[in-house]
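Below are the chains, spelled out letter by letter.
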Number of protein chains: 2
Amino acid sequence: MQPNLFPVQKNYQQKTLGILGGGQLGRMFIQSAINYNIDIHILDPDFNAPCKSICQEFTQGSLTDYDTVYNFGKNCDVITIEIENVNTDALDALAKEGKEVFPQPHIIKLIQDKRTQKEFYQNKGIPTAEFILTDNKNAVIANKNFLPAVNKLGKEGYDGRGVQVLRSEADLDKAFEAPGLLEKLIDFDKEIAVIVSKNQHGEVKAFPAVECAFHPTANLVEFLFAPAEISEDIENKAKEVALQVIQELDMVGILAVEMFVTKTGEILVNEIAPRPHNSGHHTIEANITSQFEQHLRAVMGMPLGDTSLRSPAAMVNLLGEDGFTGEAYVEGLDEAMSEKGVYVHLYGKKLTKPFRKMGHVTILDDNPEKLKERAHKIKSLIKIKA
Amino acid sequence: MQPNLFPVQKNYQQKTLGILGGGQLGRMFIQSAINYNIDIHILDPDFNAPCKSICQEFTQGSLTDYDTVYNFGKNCDVITIEIENVNTDALDALAKEGKEVFPQPHIIKLIQDKRTQKEFYQNKGIPTAEFILTDNKNAVIANKNFLPAVNKLGKEGYDGRGVQVLRSEADLDKAFEAPGLLEKLIDFDKEIAVIVSKNQHGEVKAFPAVECAFHPTANLVEFLFAPAEISEDIENKAKEVALQVIQELDMVGILAVEMFVTKTGEILVNEIAPRPHNSGHHTIEANITSQFEQHLRAVMGMPLGDTSLRSPAAMVNLLGEDGFTGEAYVEGLDEAMSEKGVYVHLYGKKLTKPFRKMGHVTILDDNPEKLKERAHKIKSLIKIKA
């Protein structure tokens with residue numbers, strides 16, 4: 001044994017890990033972290049956050065308030081996020097004081113604004129859809145020749161909010177008043193995602209590409225299939241692009257890269273998320289290493305885990321049923337659980353509302369052909385009502 | 001959908017589950033239970049029990065004191081155990097008051113005493129090693145013609161304690177003074193275990209057999225290999241016997257059945273444990289359903305999960321290194337984690353002492369031949385010191 005080969009080894013066992021955000025991503029992250037005896041502190045504005053009763057210390061407070069984030073971070077050794085909308089100035093100050101903040105604050109800041117995100121792709125030669133920055137509705141209208149396009153809010157778009165498709169001038173009314181961008185509407189063949197990670201030692205790894213199917217109206221991932229039905233050539237191109245993004249950012253942690261595969265086989269980066277992501281939930285059961293363990297390994301300075309797929313998988317998001325608001329009740333669980341290779345993940349949210357992410361189900365099947373059919377069956381079986 | 005097919009479905013989502021014992025078994029159980037939004041209450045005498053900070057309610061108290069167990073159970077809907085040495089009279093009272101107590105108190109009581117356990121096998125025609133009940137040392141000495149034999153304490157034997165091999169008269173001094181039994185020393189070919197489960201609806205399932213390799217001196221499982229290297233015939237016989245045990249007990253929950261395979265291919269039941277067991281830790285990564293999820297499904301009235309093996313696996317117990325007592329430090333983690341398919345589980349125990357179960361590592365490898373070698377390598381890499 002040569003312990004000196006792994007200078008951080010002796011340390012991370014005593015480090016406290018603070019997470020900004022205590023939702024389902026933090027919750028699944030904690031399920032992995034329990035295996036390593038790492039003390040987890042959580043900051044979340046919701047008194048009933050999904051992580052509340054499974055972490056070592058829970059603080060209720062704003063993620064965007066400087067003092068709240070700063071004081072929370074003071075008691076941690078390593079600080080990470082499960083949501084981008086956090087106070088990066090406080091994180092900057094903590095990093096300057098020697099705290100390990102991953103992803104690095106300036107990267108979170110860059111990603112918080114879809115405008116700077118797009119400019120970053122442009123500057124680094126990362127393939128992405130053509131775009132124009134727009135400061136308000138009039139700027140969008142002034143560029144009506146750019147339609148059909150997607151108008152995206154620069155900041156605080158989340159889970160489908162802050163995105164507006166403008167197919168023709170008739171849609172211009174829907175344009176946002178706030179600073180955002182106008183992006184060419186891509187006539188894509190598929191939407192895929194590749195999750196990549198990088199640790200402090202510079203080690204990088206990419207998960208296999210997955211295929212995302214979005215909810216027609218809610219603009220949320222509804223189904224996910226792994227592996228993606230794409231050629232090896234496209235798969236490699238997608239991994240290359242995703243790795244290029246994390247290398248150019250020089251980011252430590254896990255990064256989800258959502259991409260379009262155009263009808264001509266081009267890869268275009270759509271959006272990125274510097275944290276565990278909905279497009280990686282299946283990795284808990286379907287891959288050698290889950291995205292949550294990989295994120296933990298990356299930010300704690302552990303060696304990264306093997307990312308290969310153990311079995312074809314489908315992931316179904318359990319969204320709050322439209323028309324139901326109140327104390328959640330899950331319908332159809334037992335029938336779903338009677339099937340082989342069905343993994344239920346409920347997020348511990350007491351209240352449901354239309355399209356709220358309440359949980360997900362992963363389905364494993366050696367026969368990829370069966371996955372679509374099984375995913376739709378699970379979707380029709382399990383309903384989140386009130 | 002026919003909800004009436006699953007009468008309990010509407011209920012378990014609101015049920016509170018109490019666990020007697022908050023050690024590593026409870027800890028891994030909670031990691032599974034988090035997926036179902038089930039509130040877990042833990043009772044454990046240790047203020048720093050491994051489950052303490054990841055359950056919804058933790059009570060520090062004795063597991064053998066009537067009032068403590070009774071008052072704890074009063075606030076739960078379902079009550080289960082992760083250790084057998086609990087006050088079964090209190091559980092009886094709780095069951096009479098309508099609490100769902102699984103495994104049923106009289107079964108825990110029967111298993112608590114190795115003497116009644118052996119008599120049960122005898123009465124039900126379950127194959128087991130020949131034995132004589134002994135009340136004290138003199139009774140053992142009086143039966144010296146029965147040697148070579150194993151002298152087992154009736155009660156409170158645990159993790160290798162309470163077991164004494166008496167090969168010849170020279171060993172008679174080591175005989176126990178307390179009530180126990182003298183069991184013919186079996187010249188076995190292998191030690192295997194089969195975990196079976198039964199839910200409230202009468203559904204039963206058996207996990208594939210695993211092979212256990214014990215620590216030479218500590219008398220604890222050191223390595224475990226799945227699948228066991230046994231013929232299909234022996235495998236089927238072992239499953240039959242294990243299912244016979246849970247059916248004869250009519251027990252709800254999960255039951256680990258440890259068995260000897262004799263040189264003549266006979267199956268003899270050695271000991272049983274009515275809870276998740278060390279011989280099932282690999283199921284977390286290696287099987288479609290883990291033993292912890294299976295136990296949860298069984299006691300909560302959910303349908304049982306598929307038990308098949310997804311990949312050959314080895315499990316290595318991480319025991320406190322001999323000669324080290326104090327604040328635990330894990331050596332060699334990073335080197336181990338650099339390997340593909342290595343899963344570390346640390347149990348959150350601050351203090352280590354010689355042979356204390358501090359964690360385990362599961363190794364997955366499509367090539368079963370490689371598993372023994374890899375298991376020994378991991379064992380030599382990871383050391384729990386102070």
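Residues numbered from 1 in each chain as written. Chains lettered and ligands numbered in written order. Predicted model: local features only at pLDDT ≥ 70, side-chain atom pairs only at ≥ 80, totals over all residues. Heavy atoms only, no water.

Per an unreviewed UniProt entry, chain A is named N5-carboxyaminoimidazole ribonucleotide synthase, and its organism is Mongoliibacter ruber. Under the Subunit (unreviewed entry) heading, UniProt states for chain A: "Homodimer." Under the heading Sequence similarities (unreviewed entry), UniProt records this for chain A: "Belongs to the PurK/PurT family." (UniProt positions renumbered as here; feature names shortened; annotations may be inferred.)

Visitor: What am I meant to see in the overall build of chain A here?
Guide: Check the secondary structure of chain A and you find 12 helices and 22 strands. Relative to the compact-globule value of 21 Å for 386 residues, chain A shows a C-alpha radius of gyration of 21 Å, a close match. Reported as C-alpha extents along the three principal axes, the dimensions of chain A are approximately 65 × 50 × 45 Å. Scored against the burial criterion, the 386 residues of chain A give a buried share of 61%. Residue pairs at least 24 apart in sequence account for 64% of intrachain contacts in chain A once pairs closer than 6 positions are excluded. Separation of charge centres in chain A, based on 42 positive and 54 negative side chains, amounts to 1 Å. (Helix = DSSP H or I, 4+ residues; strand = E, 2+ residues; numbered from the N terminus. Rg over C-alpha atoms; globule rule 2.2 N^0.38 Å. Buried < 20%, exposed > 50% of the residue type's maximum accessible area, 1.4 Å probe, protein only. Contact = heavy atoms within 4.5 Å. Lys, Arg positive; Asp, Glu negative; His and termini not counted. Charge placed at Lys NZ, Arg CZ, Asp CG, Glu CD.)

Visitor: Explanation requested: the sheet that holds strand β2 (residues 39-44) of chain B in the structure shown.
Guide: Neighbouring strands of a sheet are bound in pairs by backbone hydrogen bonds; such pairs are parallel or else antiparallel. All names here are of chain B. Reading across from one edge, β3-β2-β1-β4-β5 is the order of the 5 strands in this open sheet, with parallel pairing throughout. This sheet does not close on itself; its edge strands, each paired only once, are β3 (57-60) and β5 (100-101). With 2 bridges joining them, strand β4 (residues 78-81) and β5 adopt parallel strand pairing. What sits directly across from I79, in β5, is V101. Packing against the sheet, helix α2 (residues 24-33) makes contact with β1 (16-20) and β2, and its axis sits at approximately 175 degrees to β2. (Pairing = 2+ DSSP bridges. Axes fitted to C-alpha atoms, helices over the stretch in contact; angles between N-to-C directions.)

Visitor: Hey, could you run me through the nonpolar core in this one?
Guide: Buried together is how nonpolar side chains tend to be arranged in soluble globular proteins. Core analysis: the largest hydrophobic core is formed by 94 residues, its most contacted members being A:L17, A:I40, B:L17 and B:I40. With near-sequence residues (within four places) excluded, B:I40 lies in contact with B:L17, B:I19, B:F29, B:I30, B:A33, B:C55, B:Q56 and B:E57. (Core = buried A, V, L, I, M, F, W, Y, C linked by side-chain atoms within 4.5 Å.)

Visitor: Looking at this structure, I do not really get the interface of chain A and chain B. What am I missing?
Guide: Many structure descriptions define interface size as the accessible area lost when the parts assemble. Residue-level contacts link 54 residues of chain A with 54 residues of chain B. When chain A packs against chain B, close to 4700 Å² is buried across both sides, 48% of that on carbon and sulfur atoms. Linking chain A with chain B are 0 salt bridges, by the criterion used here. One can count 21 residue pairs in polar contact (both at pLDDT 80 or more) joining chain A with chain B. Of all elements in the fold, only α1 (9-12), α2 (24-33), α9 (283-286), α10 (291-299), β18 (329-331), α11 (333-337), β19 (342-346) and α12 (368-381) of chain A reach the threshold of two or more residues within the side of chain A that touches chain B. The element contributing the most residues to the side of chain A that touches chain B is β19(A), with 5 residues. Each residue belonging to the side of chain A that touches chain B can be placed in one class, and the counts come to 23 nonpolar, 19 polar and 12 charged. (Buried area = accessible area lost by both parts, 1.4 Å probe. Salt bridge = Lys/Arg side-chain N within 4 Å of Asp/Glu carboxyl O. Polar contact = N/O pair within 3.5 Å; in protein donor to acceptor, adjacent residues only side chain to side chain. Nonpolar A, V, L, I, M, F, W, Y, C, P; charged D, E, K, R; others polar.)

Visitor: Help me understand the pattern of salt bridges, please; the structure alone is not making it clear to me.
Guide: Opposite charge on two side chains permits pairing when their charged atoms draw close. Under the counting rule described, the total for this entry stands at 46 salt bridges over all chains. A:K174 is paired through a salt bridge with A:D171; the nearest N and O atoms lie 3.4 Å apart. Accessibility expressed as a relative area gives 42% for A:K174, which makes it partly exposed. Taking the relative accessible area as the measure of exposure, A:D171 reaches 14% and is therefore buried. For B:E248, the salt bridge is made with B:K124, and the minimal N-O distance between the two is 4.0 Å. Separated by 124 residues along the polypeptide, B:E248 in helix α8 (residues 232-249) and B:K124 in helix α6 (residues 114-124) bring together distant segments of the chain. A residue is classified by how much of its surface remains accessible, and B:E248, at 35% relative accessible area, is partly exposed. With a relative accessible area of 37%, B:K124 lands in the partly exposed category. Salt bridges here are not isolated pairs; linked through shared partners, they connect A:K114, A:K118, A:K152, A:E183 and A:E271.

Visitor: What's the story with empty space enclosed by the protein in this structure? I'm lost.
Guide: To find leftover empty space, a probe the size of one water molecule is rolled over the atoms. Counting across every chain of the model gives 8 cavities of 30 Å³ or more. Put simply, the largest cavity is a space of about 730 Å³. Elements that contribute at least two residues to the lining of the largest cavity include exactly α2, α9, α10 and β19 of chain A together with α2, α9 (283-286), α10 (291-299) and β19 (342-346) of chain B. Per-class residue counts for the lining of the largest cavity are 12 nonpolar, 14 polar and 6 charged. Each pocket or cavity is described by its volume, and for the second largest cavity that value is around 80 Å³. Together, 14 residues line the second largest cavity, and A:F207, A:P208, A:V210, A:S279 and A:H282 are the ones closest to its centre. (1 Å grid on protein atoms, 1.4 Å probe; cavity = no way out; pocket = protein on both sides within 12 Å on 5 of 7 lines; lining within 4 Å. Points joined across faces, edges and corners; volume = space filled by probe spheres on them.)

Visitor: I keep staring at helix α3 (residues 66-74) of chain A and nothing clicks. Help me out?
Guide: In an α-helix, one turn spans 3.6 residues, which is why side chains three or four residues apart end up on the same side. All names here are of chain A. Along α3, the residues classified as buried are V69, Y70, F72 and G73. Along the axis of α3, the buried positions cluster into a sector of 165 degrees, meaning they face one direction only. Buried residues belonging to α3 abut β1 (16-20), β2 (39-44), β3 (57-60), β4 (78-81) and α4 (88-96). (Arc of directions from axis to C-beta.)

Visitor: When you look at unusual backbone geometry in this model, what are you seeing that I'm missing?
Guide: If a residue is not glycine, its phi is most likely negative; likewise, a peptide bond is most likely trans. For the bond from A:L147 to A:P148, the omega torsion is -5 degrees, close enough to zero to count as cis. Considering the arrangement of structural elements, one finds A:P148 in the loop between α7 (137-142) and β7 (149-153). Of note, the bond from B:A226 into B:P227 is cis; its omega dihedral lies within 30 degrees of zero at 0 degrees. Its location among the elements puts B:P227 in the loop between β13 (221-226) and α8. Phi at A:F355 takes a positive value of approximately 70 degrees, unusual for a residue other than glycine. Assignment of secondary structure puts A:F355 in the loop between β20 (351-352) and β21 (357-364).

Visitor: How should I be thinking about the relation of the copies chain A and chain B in this particular structure?
Guide: Think of it as a corkscrew move, a rotation about one axis and a shift along it, taking one chain copy to the other. Overlaying chain A on chain B yields an RMSD of 0.0 Å, the required transformation being a rotation through 180 degrees with an accompanying axial translation of 0.0 Å. Such a turn and shift between the copies fits a two-fold axis. Taking the C-alpha atom as reference, chain A places A:I54 closest to the rotation axis, 2.0 Å from it. Looking at chain A, 100% of its interface residues are interface residues in chain B too, so the copies touch through the same face. (Least-squares fit on C-alpha atoms with pLDDT ≥ 70 in both.)

Visitor: Please explain the UniProt feature "binding site: ATP" (unreviewed entry) in chain A as it appears in this structure.
Guide: All names here are of chain A. Under the UniProt annotation, "binding site: ATP" (unreviewed entry) lies at K114, K152, E183, K184, L185, I186, E191, N270 and E271. As for its placement among the helices and strands, L185 is situated in the loop between β9 (180-184) and β10 (188-198). For L185, a relative accessible area of 29% puts it in the partly exposed group. Those residues in contact with L185 that lie beyond four places of it in its chain are P148, A149, V150, V165 and R167. The topology assignment puts N270 in strand β15 (residues 267-273). Beyond its immediate chain neighbours, meaning those up to four positions away, N270 contacts Q117, Y121, K152, E183, E191, E258, M259 and F260.

Visitor: Sorry if this is basic, but what is going on with the sheet that holds strand β9 (residues 180-184) of chain B here?
Guide: Residues and elements named next belong to chain B. Pairing within the open sheet is antiparallel, and its 4 strands lie in the order β6-β9-β7-β8. Where the open sheet ends on each side, the last strands, each with one partner, are β6 (131-134) and β8 (163-166). Across the sheet, the axes of successive neighbouring strands diverge by a mean angle of 20 degrees, strand direction being ignored. Alignment of β6 against β9, held across 4 bridges, turns out to be antiparallel. Bridge pairing in β9 places I132 opposite L182.

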